[in-house]
There are 2 protein chains.
Amino acid sequence: MSRMTTAATAVDPAQRLRTAQDLFIGRWGEMGQTWGINRTMAEIHALLYIVAQPLCTDDVMERLHISRGNASMSLRALCDWGIIRRMHKRGDRKEFFESLSDVWEMFSIIAAERKRREMDPVLETIKQCQRMIDEKSLGKQAANQLDVQLTRQRLMGMEEFVEVTNKIFQQFIGNAKSGLTRVVKVLLKAF
Amino acid sequence: MSRMTTAATAVDPAQRLRTAQDLFIGRWGEMGQTWGINRTMAEIHALLYIVAQPLCTDDVMERLHISRGNASMSLRALCDWGIIRRMHKRGDRKEFFESLSDVWEMFSIIAAERKRREMDPVLETIKQCQRMIDEKSLGKQAANQLDVQLTRQRLMGMEEFVEVTNKIFQQFIGNAKSGLTRVVKVLLKAF
DNA sequence: CCATCCTTTCAGTAGTTACTGAAAGGATAC
DNA sequence: GTATCCTTTCAGTAACTACTGAAAGGATGG
């Protein structure tokens, strides 16, 4: 009997489509977890992206088997990020949500946010540390001159790294699709 | 009294250095959390990086106020990642740990691992989804031809994105410092 | 103004991850 | 062999994060 069921679902095209979408949604959810994003948020985003049409809160709840509260809060968070968008349908009281369609644009948004939240504070801290141990403020009387020297070197190494990475991010941010594929071509030519 | 203490610590160069290092360690730990890495692991790594000398388990425990078990397991995990390294000192029974000194190399290692664990599975899933809904297997009899079309488009969009991103990662991986600064120069010239 | 429909909030709880400390497991020295 | 020193493991617990569902909070329509 289980074989018959499998065969039947395999043949029904609508079910087949749905299964493929679910596969994508599941994987996206797992990926989200290894980044800072939680599973549900990532899954909702994947769902809205893959179906490519506006869905309402109840659609999302039903498809992902999550509670109303969870759906509401996750949808709001995704809107705050700016990678999905609220939508009205005329004559319908419900609110609908849809994903940005351009993956490149989504990436730009996310990259900008991550730069702001992750790179920038590190860079600031590094500079603050450097000020704390620079020659003037620390003087040369220190017994542990070597330690200071080592730390100073490491701070500089890290600073350079973060600054260069920042510049690379900068290239991505604000350069949607066309710009990015050009970046890749340039890179491939350069190496 | 607290004022006198503050003044005293501010002037003592050794303490000053330590405070600066702690600042860096703390920030690095916070950042780690927004990535998948947990706070302690990130802090240990930051500590080993910033002091730029090998430390033993007890040094780490003491400096970060963590238990032996936690230190042991986190150190091992960092070794597994390959961004710190075990070290013996002649005539000393203890094992010491030190961070890679080259930030670019550390980044390459991390990027390679993330590509393998995050990009590759997504790409594979996308291709699997595409196979599930391609013309041959699904046929044209489907009532929901539009839905299929939409999903197909989105899968293609995502596939292109992941593939291009993969290529960019590829450029970073295995191109340590010199290669990367060149990448940046190329990018800056191109835009 | 009430009824209806939909959204948001939030206290409580389930589920997960991180951490401790004690005990067991080596290795080396004598 | 035993003693010493160091590392690893892991059961138990603490801390945290995600989720639910019910209740409160709007908005729109009649």
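Residues numbered from 1 in each chain as written. Chains lettered and ligands numbered in written order. Predicted model: local features only at pLDDT ≥ 70, side-chain atom pairs only at ≥ 80, totals over all residues. Heavy atoms only, no water.

**A word on the protein's contact with DNA strand D**
For the record, the criterion: To be near a molecule or strand, a residue needs just one of its heavy atoms within 4 Å of it. Any N or O atom pair separated by 3.5 Å or less is treated as a polar contact, with the protein-specific requirement of one donor-capable and one acceptor-capable atom, and with residues adjacent in sequence counted only for side-chain atom pairs. The way it works is that DSSP assigns letters per residue, a run of H or I at least four long becomes a helix, a run of E at least two long becomes a strand, and they are numbered from the N terminus. Under the grouping applied here, Gly and all other residues not named as nonpolar or charged are polar, the nonpolar ones being Ala, Val, Leu, Ile, Met, Phe, Trp, Tyr, Cys and Pro and the charged ones Asp, Glu, Lys and Arg.
Of all residues adjacent to DNA strand D, which total 19 residues, the nearest are Thr40(A), Ser67(A), Arg93(A), Arg76(B) and Glu95(B). Backbone atoms, meaning sugar and phosphate, form 65% of the atoms of DNA strand D found within 4 Å of the protein. The backbone of Ser67(A) places a nitrogen or oxygen atom 2.8 Å from a phosphate oxygen of DNA strand D. Between a phosphate oxygen of DNA strand D and a side-chain N or O atom of Arg86(B), the distance comes to 3.4 Å. Put simply, the parts of the chain that give the surface near DNA strand D at least two residues each are helix 3 (39–51) and helix 5 (68–81) of chain A together with helix 5 (68–81) of chain B. In terms of residue class, the surface near DNA strand D is built from two nonpolar, nine polar and eight charged.

**Notes on unusual backbone geometry**
Negative phi values dominate among residues other than glycine, just as trans dominates among peptide bonds. The condition that has to hold: Relative accessibility under 20% of the residue-type maximum defines a buried residue, over 50% an exposed one, and the middle range a partly exposed one, all with a 1.4 Å probe and only protein chains included.
At Ala52(A), a residue that is not glycine, the phi angle is positive and equals roughly 60 degrees. On the secondary structure map, Ala52(A) appears in the loop between helix 3 and strand 1 (55–56). Among the residues examined, Ala52(A) registers a relative accessible area of 18% and is labelled buried. Positive phi outside glycine occurs at His65(B), with the angle close to 55 degrees. Relative to the helices and strands, His65(B) is located in the loop between helix 4 (57–64) and helix 5. With a relative accessible area of 70%, His65(B) lands in the exposed category.

**Some words on the protein's contact with DNA strand C**
In the vicinity of DNA strand C, 19 residues are found, and the nearest of them are Arg76(A), Arg93(A), Thr40(B), Ser67(B) and Arg93(B). Between Glu95(A) and DNA strand C, the recorded distance is 3.1 Å, taken from a backbone N or O atom to a phosphate oxygen. Here Thr40(B) contributes a side-chain N or O atom positioned 2.6 Å from a phosphate oxygen of DNA strand C. Sorting the residues of the surface near DNA strand C by element identifies helix 5 of chain A together with helix 3 (39–51) and helix 5 of chain B as the ones contributing at least two each. By residue number, the principal contributor to the surface near DNA strand C is helix 5 of chain A, which donates five residues.

**Looking at the relation of the copies chain B and chain A**
Quick note on the threshold: For the least-squares superposition of copies, only C-alpha atoms count, and only for residues with pLDDT at least 70 in both.
Of the transformation superimposing chain B on chain A, the axial component is 0.0 Å and the angular component is 180 degrees, with the fit at an RMSD of 0.1 Å. One copy is carried onto the other by what is essentially a two-fold rotation axis. Considering only C-alpha atoms, the part of chain B nearest the rotation axis is Trp35(B), at 2.7 Å.

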